[in-house]
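In case you want the letters, here they are:
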Amino acid sequence: YYAGLRAGDVMLLTLGDAVIGDGEIWIEIQHGKTPAARRRIGLHLLAPEPVCQLIRETYDRRRGEFRESSNLRRISLFGPEGVPDGYTRNALIDTAIAELQTRFGINTVFHSLRHAFASWILVRWYALRYPETIEVLVARRHAIFQPEAQARLAELFTLGSAQTTNPDDPSALIVISKIMGHLGQQTLFARYVHTFDILHADAMKRVDTVFGVQHVS
């Protein structure tokens, strides 16, 4: 959820795809549906610390099971104890789907997590410029909307010369598309973002503040 990964991405993750150290967790997606699917995701900038700690513990446990192995890409990040291969889809993805459906309804699928990620990261990006937007959200007390989490998210948009140096800049949307593994923004906005109503409502309030409310008869 916190990295916007596809089910196939999760299934294929190996110890060699996780770069962990100095408080950072980078997840490298090596393969995907298109060339744009290859990407590097800073999980430490996106996920709450308890989630990051869980990934660190999982990595350390798996690495400890195969200390003699020099090829980390042959060891799945998520797999049965003592077995280098990963869990089957039924054991990993289908089990997660069953849990999601118990909590959120039978129409929930694993890909719903990816849609949720895209929807909320757009709101979080908007809130970097307008922090008060968070106050109207039902989920405003969630860890991802706390000041320290928002500060980490801002770092995401200021990494590397190819990325924007200002998290307020609309070109930061390119960064979001890259995290999703999309070539451009069309797929992101047309299919994945479902929180436009939040942004539209806030933007209209700001317009009313500047120009006043006009009644049309």
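In short, a report on the structure. Model, not experiment: these values are computed from the prediction.

Quick look at the layout of surface pockets now. Empty space within the largest pocket amounts to approximately 860 Å³. Of all the secondary-structure elements, those providing two or more residues to the lining of the largest pocket are α3 (49-65), α4 (89-104) and α5 (111-129). For the lining of the largest pocket, the residue count by class is 24 nonpolar, 6 polar and 1 charged. Size it by volume and the second largest pocket reaches roughly 240 Å³. Around the second largest pocket sit 13 residues that line it, and Arg-6, Thr-34, Gly-181, His-182 and Thr-187 are the ones nearest its centre.

Let us now look at empty space enclosed by the protein. Tallied over the full model, the rule gives 1 cavity of 30 Å³ or more. Taken together, Tyr-1, Tyr-2, Leu-46, Ala-116, Phe-117, Trp-120, Ile-121, Arg-124 and Ile-144 form the lining of the largest cavity. Looking at the lining of the largest cavity, the element that brings in the most residues is α5, giving 5 residues. Class assignment of the residues belonging to the lining of the largest cavity gives a composition of 8 nonpolar, no polar and 1 charged.

Moving on to the nonpolar core. Within the largest apolar cluster, 54 residues are counted, with the highest numbers of intra-cluster contacts made by Leu-43, Ile-121, Trp-125, Leu-156, Phe-157 and Ile-176. If you tally residues by element for this core, the top one is α5, at 10 residues. Apart from residues no more than four positions distant in its own chain, Leu-43 is found in contact with Tyr-2, Ala-3, Ile-25, Ile-27, Cys-52 and Ile-55.

Scanning the model with the defined rule gives 11 salt bridges in all. In this structure, the salt-bridge partner of Arg-89 is Asp-94, at a minimum N-O distance of 3.9 Å. In this structure Asp-94 comes out as partly exposed when scored by relative accessible area, which is 31%. Each of Asp-17, Glu-28, Arg-40 and Arg-73 takes part in one network of salt bridges that share partners.

In this structure, strand β1 (residues 18-21) lies alongside strand β2 (residues 24-29), joined through 4 bridges in antiparallel fashion. By the bridge assignment, Ile-20 is partnered in β2 with Ile-25. Hairpin remark: β1 followed by β2, antiparallel, with 2 residues in the connecting loop; positive phi at Asp-22, about 55°.

Here the focus is the sheet that holds β1. Pairing is antiparallel across the open sheet formed by 3 strands, whose spatial order is β1-β2-β3. Two strands lie at the open edges of the sheet, namely β1 and β3 (39-42), each paired on one side alone. For this sheet, the mean angle separating the axes of adjacent strands, direction not counted, is 15°. Here α3 sits on the sheet in contact with β1 and β2, set at roughly 105° to β1.

What follows is about unusual backbone geometry. Unusually for a residue other than glycine, Asp-22 sits at a positive phi of about 55°. Structurally, Asp-22 is set in the loop between β1 and β2.

Each value, and the rule that gives it
Residues numbered from 1 in each chain as written. Predicted model: local features only at pLDDT ≥ 70, side-chain atom pairs only at ≥ 80, totals over all residues. Heavy atoms only, no water. 1 Å grid on protein atoms, 1.4 Å probe; cavity = no way out; pocket = protein on both sides within 12 Å on 5 of 7 lines; lining within 4 Å. Points joined across faces, edges and corners; volume = space filled by probe spheres on them. Helix = DSSP H or I, 4+ residues; strand = E, 2+ residues; numbered from the N terminus. Nonpolar A, V, L, I, M, F, W, Y, C, P; charged D, E, K, R; others polar. Core = buried A, V, L, I, M, F, W, Y, C linked by side-chain atoms within 4.5 Å. Buried < 20%, exposed > 50% of the residue type's maximum accessible area, 1.4 Å probe, protein only. Contact = heavy atoms within 4.5 Å. Salt bridge = Lys/Arg side-chain N within 4 Å of Asp/Glu carboxyl O. Pairing = 2+ DSSP bridges. Axes fitted to C-alpha atoms, helices over the stretch in contact; angles between N-to-C directions.

The quantities given are spatial measurements derived from coordinates; they are silent on function.
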